[in-house]
Amino acid sequence: MLSKDYSAEFKQRFADRYADGATIAMLQHEFGLTKSTVKLRRERIDQGGVGAIDRPRKDNRYPRSSSFVNLPRFH
């Protein structure tokens, strides 16, 4: 499945259904998500609430640093 940006309303509905005790299968069916996506979102909600559902952007995963460019070479 391709990465998508979901609305805040969509994320809140997902979190509400999860809090209500919906199973993984129910969440998959209702929201059209894969099992792995449902599990990941539930994990993120448990760790940090609805705001934690979004994954970090690729460009924010590792800080850019020029210090790696000038590392000495070992032979």
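Definitions and limits used
Residues numbered from 1 in each chain as written. Predicted model: local features only at pLDDT ≥ 70, side-chain atom pairs only at ≥ 80, totals over all residues. Heavy atoms only, no water. Helix = DSSP H or I, 4+ residues; strand = E, 2+ residues; numbered from the N terminus. Contact = heavy atoms within 4.5 Å. Areas by Shrake-Rupley, 256 points an atom, 1.4 Å probe, with all protein chains shown as cover. Salt bridge = Lys/Arg side-chain N within 4 Å of Asp/Glu carboxyl O. Buried < 20%, exposed > 50% of the residue type's maximum accessible area, 1.4 Å probe, protein only. Core = buried A, V, L, I, M, F, W, Y, C linked by side-chain atoms within 4.5 Å.

Caption draft 1: Layout of the overall build of the protein chain. Assigned secondary structure in the protein chain consists of three helices and zero strands. When the helices and strands of the protein chain are placed in sequence order, the string is α-α-α. In the protein chain, of all internal contacts separated by at least 6 residues, the share reaching a separation of at least 24 is 43%. Carbon and sulfur atoms form 51% of the exposed surface of the protein chain, whose accessible area is close to 6300 Å².

Caption draft 2: Molecular detail of the pattern of salt bridges. Tallied over the full model, the rule gives one salt bridge. For Glu-30, the salt bridge goes to Arg-17, with nearest N and O atoms at 2.8 Å. In this pair, Glu-30 sits in helix α2 (residues 24-31) while Arg-17 sits in helix α1 (residues 8-19), placing the two residues 13 residues apart along the sequence. What makes Arg-17 partly exposed here is its relative accessible area of 23%.

Caption draft 3: How the structure looks around the nonpolar core. Ranked by internal contacts, the top residues of the largest apolar core, which has 13 residues, are Phe-14, Leu-27, Phe-31, Leu-33, Val-38 and Ile-45. With four residues, α1 is the single largest residue contributor to this core. The contacts of Val-38, once residues within four sequence positions are left out, are Phe-14, Ile-24, Leu-27, Gln-28 and Leu-33.

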